[in-house]
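A look at the structure
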Amino acid sequence: MEVLIASAIGVLSAAGIYLILRQRSFPVIIGMTFLSYAVNVFLFAMGRLTVDRPPIISSGAAAYADPLPQALVLTAIVISFGMTALIVVLALRGYLETGSDRVDEGIPKLPEPAEERLTS
Amino acid sequence: MSSWIVAPIILPAMAAALLLLLRRSPNLQRQVSLAATALLCLSSIRVFMLAIEGDVLSYRLGDWPAPFGIVLVLDRLSATMVLLSGVLSSAVMLHAIRGWDEKGHHFHPLFQFQLMGINGAFLTGDVFNLFVFFEVMLIASYGLLLHGGGPRRLGAGFQYVAINLLGSTLFLFAVGIIYGVTGTLNMADLAGKVSQVAAGDAALLRTGALLLFLVFALKAALVPLHWWLPTAYAAAPAPVAALFAIMTKVGAYAIIRVFTLVFGAEGGAAAFIAAPWILPAALTTLAIGAIGVLASRVLVDLVCFAVVWSMGSLLVAVSLFDARSLTAALYYTLHSTLIGGALFLLSDLIACRRGRWRDDLEPSPVMANAAILGGLFFLAAIAMSGLPPLSGFIGKLMILDATRGSDSAGWIWSVVLATSLLVIIGFSRAGTMLFWKSEAVAGTLAPPAPARVASLAPAAVLILGTALLSLGAGPVTRHLEATAQQLVTPRSYMDAVLGGLAEAQRATEVR
């Protein structure tokens, strides 16, 4: 089981990092997602891998799994899920407004509309 | 009285929820937000008064005992940083309510959530909780960066979000590794346990510590992880950029906190692990920042690179990790946050007075309020580039003095002084271009920008802050010396958090 989990984390991270280094926004987002999957499994494994052990107190349990990493993973999943949704929206809006989905282009210093600037 | 500690986090959180309910009435929303920021400033003063009594105080959330529950810890360092964020955010709020807040939706709730994240990161005593507050701060900052919209912000926003998501993932890897080898995430508990890590796990611990350093260095814009900063800050709305001046300091704060408390002198296999990496990176940051200042063609870019440059000076001092250099680093932190915020506000004030020239460094017809604005810019430039008599000079002097005995003093002195010269040249060229060469340009700006002197007040307040920092340098330095002393002797921090448990641990160590 250890070998399986470890190689899964490795493959997910490698694929994630490769995709993050691509130049279009869609592969970058997929890469982020892979990397956040990898970190979730990794956090989970840091509580040590056990089978059939309850994480919360129950009568008749001889041994327990570490509950803390499971709580950490929940928090991490919620945050990474929300952030993925945000970056998808950002990439879409950016594509619609600039007509390009390349992430490595210099940010154009577009003339902002007159009302954009504060007039005080 | 230690329940005051939670006030700087609770106040903005409740204000943000209230502000969301008030979104239909912008005027009321503005007043409530202003009042909440003022209250936050007052409560941070109260918290600061508690901390300077000398004891480290802890607040147990949910009243769970220390290594199991999450604690907030108030010592002199966190109190100073909370006070700094209170002062900066009040001035920024005064600037924002003059019109910027109406350029998009939900400015005020996001602003309060940002303050909650920043103050939480300063106060928390738990590594995973630090991650959560980093996320609160970052999520709010994504919204604030995009405030007002436009293709430029969307492009910059995507890069900013992507790099910070990557940083968060690395943070989680680091947290996972550290939890895996020590079995705790409470900073005070970690400080006791990292020295007892088994020899076989030492490499893992060092990896975790360096990954953590990488994440904080990304937030602190340390070269080569600084490339996101000029793009993001230059695209952000001016008051947001001014507030972001403290976000880089959150990174510096986290480096100081974790690498003195946990991976400091008693860090076992990972003692002072970050120190050899910080110094070369900080010196490169100084060089890149100064070159960027010289190369900028737009005032706001120049300010961004000046902020990068000031992070370099700050971290040069941090890299030595002794009481004197930490004092210098903390003084420089106070100075560079205030002056960074002031410069972002000034560049906005200049841009909105120059019509189509905006803040490009080209001569334009004379802008409104040129005399007062020029005077303020002159003072801010003096302070930022480190000329006497303002606080930049004192801070730089303290850094140079503290690094005198170091092995690499030659490198530090030559790089700090040479880059200071470059920054002085950059700022004087910008000021000449904006204010003096404009005198020779005929014609008037069309349409003439309305020019109310009152709009300069927030920037003037921040510059006054740096002036006070130089006038009161004696008492401020004495306070910061006590702060640094507290940092290099983490025992009081551990005792405050763990109470009797730390004593028991020490007893077993002795036996």
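Look up a bit, the structure's there.
Now for a quick tour of the structure. (Residues numbered from 1 in each chain as written. Chains lettered and ligands numbered in written order. Predicted model: local features only at pLDDT ≥ 70, side-chain atom pairs only at ≥ 80, totals over all residues. Heavy atoms only, no water.)

From N to C terminus, chain A includes three helices and zero strands. When the helices and strands of chain A are placed in sequence order, the string is α-α-α. Evaluated residue by residue, chain A yields a buried proportion of 32% over its 120 residues. A sequence separation of at least 24 residues applies to 53% of the contacts in chain A between residues at least 6 apart. (Helix = DSSP H or I, 4+ residues; strand = E, 2+ residues; numbered from the N terminus. Buried < 20%, exposed > 50% of the residue type's maximum accessible area, 1.4 Å probe, protein only. Contact = heavy atoms within 4.5 Å.)

Further remarks concern the overall build of chain B. Check the secondary structure of chain B and you find 21 helices and two strands. Its C-alpha atoms give chain B a radius of gyration of 22 Å, near enough to 24 Å, the size a compact globule of 511 residues would have. By principal-axis analysis of the C-alpha atoms, chain B measures approximately 85 × 55 × 40 Å. Taken over 511 residues, chain B has a buried fraction of 63%. Partitioning the intrachain contacts of chain B with sequence separation of at least 6 by distance along the chain shows that 79% fall at a separation of at least 24. Entry remark: accessible area of chain B is about 17300 Å², with carbon and sulfur atoms responsible for 68%. Put simply, chain B has 30 plus and 24 minus side-chain charges, and the middle of one group is 9 Å from the middle of the other. (Rg over C-alpha atoms; globule rule 2.2 N^0.38 Å. Areas by Shrake-Rupley, 256 points an atom, 1.4 Å probe, with all protein chains shown as cover. Lys, Arg positive; Asp, Glu negative; His and termini not counted. Charge placed at Lys NZ, Arg CZ, Asp CG, Glu CD.)

Moving on, we get to unusual backbone geometry. Residue and element names in this part refer to chain B. For the bond running from Val-223 to Pro-224, omega is 5°, close enough to zero to count as cis. Mapped onto the elements of the fold, Pro-224 is located in the loop between helix 8 (202-219) and helix 9 (228-235). With omega at 10°, the peptide bond leading from Pro-388 into Pro-389 counts as cis. Turning to its location among the elements, Pro-389 is positioned in the loop between helix 15 (370-385) and helix 16 (391-402). Here Asp-63, not a glycine, exhibits a phi torsion of approximately 60°, which is positive. Here Asp-63 lies in the loop between strand 1 (57-60) and strand 2 (71-74). The phi dihedral of Asn-369 falls on the positive side, at around 55°, and the residue is not glycine. Mapped onto the secondary structure, Asn-369 falls in the loop between helix 14 (323-351) and helix 15. A relative accessible area of 17% places Asn-369 in the buried class.

Here we take up the environment of B:Leu61. Residues and elements named next belong to chain B. On the secondary structure map, Leu-61 appears in the loop between strand 1 and strand 2. Residue Leu-61 is classed as partly exposed on the basis of its relative accessible area, which comes to 31%. Between the C-alpha atoms of Leu-61 and Val-71, which are 10 residues apart in sequence, the distance is 5.8 Å. Once residues lying within four places of it in the same chain are set aside, the contact partners of Leu-61 are Val-6, Ile-70 and Leu-72.

Attention now moves to the nonpolar core. In this structure, B:Phe171, B:Phe216, B:Phe259 and B:Phe263 are the most contacted members of the largest nonpolar core, which totals 206 residues. Residues in contact with B:Phe216, not counting those within four places in the same chain, are B:Leu130, B:Phe134, B:Phe171, B:Gly251, B:Ala254, B:Ile255, B:Val258 and B:Phe259. (Core = buried A, V, L, I, M, F, W, Y, C linked by side-chain atoms within 4.5 Å.)

A separate point is the packing of helix 13 (residues 299-318) of chain B against helix 15 of chain B. Residues and elements named next belong to chain B. Running from amino to carboxyl end, helix 13 crosses helix 15 at an angle of 30°, the nearest separation of the two axes being 11 Å. With respect to each other, helix 13 and helix 15 are oriented roughly parallel. On helix 15, the residues touching Leu-299, Ala-306, Val-307, Trp-309 and Ser-310 of helix 13 are Phe-377, Met-384 and Ser-385. Class assignment for the residues of the contact of helix 13 with helix 15 results in six nonpolar, two polar and no charged. (Axes fitted to C-alpha atoms, helices over the stretch in contact; angles between N-to-C directions. Parallel < 35°, antiparallel > 145°, perpendicular 65-115°, else oblique. Nonpolar A, V, L, I, M, F, W, Y, C, P; charged D, E, K, R; others polar.)

On to the interface of chain B and chain A. Every contact between the two is made by 49 residues of chain B and, on the other side, 42 residues of chain A. Regarding the contact of chain B and chain A, the summed buried area is about 4000 Å², with carbon and sulfur atoms giving 73% of it. Area buried by chain B at its contact with chain A is led by B:Arg152, B:Phe158 and B:Tyr179, which between them contribute 18% of it. At the junction of chain B with chain A, the criterion picks out two residue pairs in polar contact (both at pLDDT 80 or more). Looking at the side of chain B that touches chain A, the elements that each hand over two or more residues are helix 5 (127-145), helix 6 (151-182) and helix 14 of chain B. No other element matches the 21 residues that helix 6 of chain B contributes to the side of chain B that touches chain A. (Buried area = accessible area lost by both parts, 1.4 Å probe. Polar contact = N/O pair within 3.5 Å; in protein donor to acceptor, adjacent residues only side chain to side chain.)

Our focus in this paragraph is the packing of helix 8 of chain B against helix 11 (residues 247-261) of chain B. Residues and elements named next belong to chain B. One way to put it is that helix 8 packs onto helix 11 with a least axis distance of 7 Å and a crossing angle of 155°. In this view, helix 8 runs roughly antiparallel relative to helix 11, as classed from their interaxial angle. Contacts between helix 8 and helix 11 involve Ala-209, Leu-212, Phe-213, Phe-216, Ala-217 and Lys-219 on the former and, on the latter, Met-247, Thr-248, Gly-251, Ala-254, Ile-255, Val-258 and Phe-259. For the contact of helix 8 with helix 11, the per-class residue count stands at 10 nonpolar, two polar and one charged.

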